[in-house]
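Given next are the chains, with one letter for each unit.
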Amino acid sequence: MWTCKNLWKKLAPLARSSSTLCRQNARGVLFNNERRLPLVPQAHMSSGTPGSGGDNNLYYLLVGATCVGGGFYAYRTIKGDKERYQERINEIASRPNKVVPEQPITEAPGEQAAETPQEPSVEPSPVEVTEEPPAPVVKSEPTPVAGSLPAETAEPQTTTETESAAEPATVAPAEVPAPTPVEFPSHAPYLLIGGGTASFAAARSIRARDPGARVLIITDEPDLPYMRPPLSKELWFSDDPSVVDTLRFKQWNGKERSIYFQPPSFYVSPQDLEKVENGGVAVLTGKKVVHMDVRGNKVTLSDDTEISYDKCLIATGGIPRNLQVIERAGEEVTKRTTLFRKVEDFKALDKVSRDTKSITIIGGGFLGSELACALGRRSADSDLEVIQMFPEKGNMGKVLPEYLSNWTTAKVKSEGVAVITEALVKAVSFKDGKVEIKLKDGRVVKTDHIVAAVGLEPSVELAKSAGLEVDSDFGGFRVNAELQARSNIWVAGDAACFYDIRLGRRRVEHHDHAVVSGRLAGENMTGANKPYWHQSMFWSDLGPDVGYEAIGIVDSSLPTVGVFAKATAKDTPKAATEKSGTGIRSESETEGTANSPVASSTPEPPPVPEQKDNYGKGVIFYLRDKVVVGIILWNVFNRMPVARKIIKDGEEHADLNEVAKLFNIHDD
């Protein structure tokens, strides 16, 4: 009532003045009507009570509605203010008292909590802000500053936060709202989305052609750019127990290197990118681009931050596929399944391999076979059971001809792996502490952990917001010969579906392609306008003694011709890396290594035992319309330029045995 009374005192003068004005207007209208229409009888104007015409009724209705609406709005506003005020008072009263200067620091938490209600309810907020040390707030930001590897910075940060927590009057950073410092520029002339091999190759290429360029790489991973192949190869064969933390490994030739392309000192911090005199490369880690505005030349991050750009590269890579039967199996199965792709996946699987008794790998391709051999080799020194299953008749059955696939399967078995061929998974469940895998032929496999290595799905989430075309056959962003998707947007790496002038439209998921396509995209972003003509290669190693390199279309459904010879001590991946000076064999053709090679004291590898069926080394030609479209070099290394030229020429060959001689497979 008090509220309504005050409200009416304020509105009454306005209502009276409005009434006076309305009546004057009504009289004026009536007077004018009488003057204009003198012939109208007065009887027609007096059908109602004097002073109660239709205009007055409308006026009263409007005034009444205004008063009711104003009163309702005032009531709701005051009621809402009271509720918010009470909530604020309750929140302040419920806060624990963390600042008690007159009491010792070692006081029990229960005693502090007991005295909390005695403190004034309005004092905790300013005390928390004024007593908060600035250092922990900065270090608690979710975005790591580029230029520091997680393995190297985790300990210093943890120590600092622990020490600061022990000081008096310290409040947890999450409880104190603090202004977030700007950690990245609002504009980047060159913006690279994705922190993998393609992005790093593009950044180096851009800086080579434009030394003052400012390049910003955005990645949703917490790590600086690194190479992925060692995650399923050399890291598993390291004797260093700290390899999971250091991510440094010995190559087959004994030389040591890190999986990171460059040390932290190579990069500039994101907040300094706009300030540095000669530009540089900055990496914004732990951030995901969720939207692209191609007309406004800007992107939106997962935290709603916007960054504009002049030119942009999409190198988002791919996401590991999973089996639908595993996805539908429930939480217990899901948390016992690894989709292998990133550093964190390697660390998690390494821990699983030491803590469990059985691991089953589903998939017989490159990744599945490499992990099977790596874990099988580790099982020799433990009680770990390693099982590999796949629907094909042999390992890498979609790539290798049947006879070589069977030979490879025997090789995998010799590493201590139980191989189950022609296995189609029907259902997966969790029973009695074990993951139970049912196959369509009735077989049942019980295991502790599953590794799903069943392929890669290109990451094209940005296609919709950016208005970019996705290829319906191969997946990935469709680009032209210059890897361009739009006038100022390029795509490279696993996510690019490009046109090969010799082999047609393709999408390649290998390290060498990421290096070459990223480097070319970087050159074209600086105005080179070069077409993509490079035939990228890929390789796979089944341990240090057996490996192969491939180029072009290698599909076991195509006709093949294989030429083999007896292997020697130099026909192994270990010997190949010794000769090239790098564990990443494609780097001998595409780019220098991040670390300078150091002379190795590793002795020459022992002779390779004679292989059954004489598949020690050789060349396999894949034919389409009698023309060579793909080549696999089986334990034959550093001959990829020859294979690339054969495919580029696109000629028919009457005798492929003569062509095989170009690879010197018969030399001792």
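Summarised in this report is the structure supplied together with it.

Conventions and cut-offs
- Residues numbered from 1 in each chain as written.
- Predicted model: local features only at pLDDT ≥ 70, side-chain atom pairs only at ≥ 80, totals over all residues.
- Heavy atoms only, no water.
- Helix = DSSP H or I, 4+ residues; strand = E, 2+ residues; numbered from the N terminus.
- Buried < 20%, exposed > 50% of the residue type's maximum accessible area, 1.4 Å probe, protein only.
- Contact = heavy atoms within 4.5 Å.
- Pairing = 2+ DSSP bridges.
- Axes fitted to C-alpha atoms, helices over the stretch in contact; angles between N-to-C directions.
- Left-handed = near helix turned anticlockwise from the far one by under 90°.
- Nonpolar A, V, L, I, M, F, W, Y, C, P; charged D, E, K, R; others polar.
- Phe/Tyr/Trp six-rings, centres within 6.5 Å; stacked < 30°, edge-to-face > 60°.
- Lys NZ or Arg CZ within 6 Å of the ring centre and 35° of its normal.

## Quick notes on the overall build of the protein
So, step 1. Scanning the protein from N- to C-terminus turns up 19 helices and 28 strands.
So, step 2. By the burial criterion, 46% of the 668 residues in the protein qualify as buried.
So, step 3. Pairs at least 24 apart in sequence give 69% of the contacts found in the protein among residues at least 6 apart.

## Details of the sheet that holds strand β19 (residues 477-478)
So, step 1. The three strands are arranged β19-β22-β23 in an open sheet whose pairing can be described as mixed. Bordering the open sheet on either side are β19 and β23 (504-506), each of which pairs with just one other strand.
So, step 2. Examined bridge by bridge, strand β22 (residues 496-500) and β23 share three bridges and lie antiparallel to one another. Within β23, the residue paired with Tyr499 across the bridge is Arg505.

## Some thoughts on the packing of helix α7 (residues 197-209) against helix α15 (residues 511-525)
So, step 1. Between α7 and α15, whose axes approach to 7 Å, the crossing angle comes to 35 degrees. At the point where α7 passes α15, the crossing takes the right-handed sense. Taking contact as the criterion, the partners of Thr197, Ala198, Ala201, Ala202, Ser205, Ile206 and Arg209 in α7 are, on α15, His511, Ala514, Val515, Gly518, Arg519, Gly522, Glu523 and Met525.
So, step 2. Here the contact of α7 with α15 is composed, by residue class, of seven nonpolar, five polar and three charged.

## Regarding the packing of aromatic side chains
So, step 1. Following the criterion strictly, the structure yields 14 aromatic pairs and no others.
So, step 2. Geometrically, the ring pair formed by Phe366 and Tyr548 is tilted, given 6.3 Å between the ring centres and 45 degrees between the ring planes. One end of the pair, Phe366, is in helix α12 (residues 366-379); the other, Tyr548, is in strand β25 (residues 547-552), with 182 residues separating them in the sequence.
So, step 3. Overall, the relative accessible area of 23% leaves Phe366 in the partly exposed class.
So, step 4. The buried category is assigned to Tyr548, whose relative accessible area is 1%.
So, step 5. A cation sits over an aromatic face here: Lys648 above Trp533, 5.3 Å from the ring centre.

Purely geometric stuff here, so don't read any function into it on its own.
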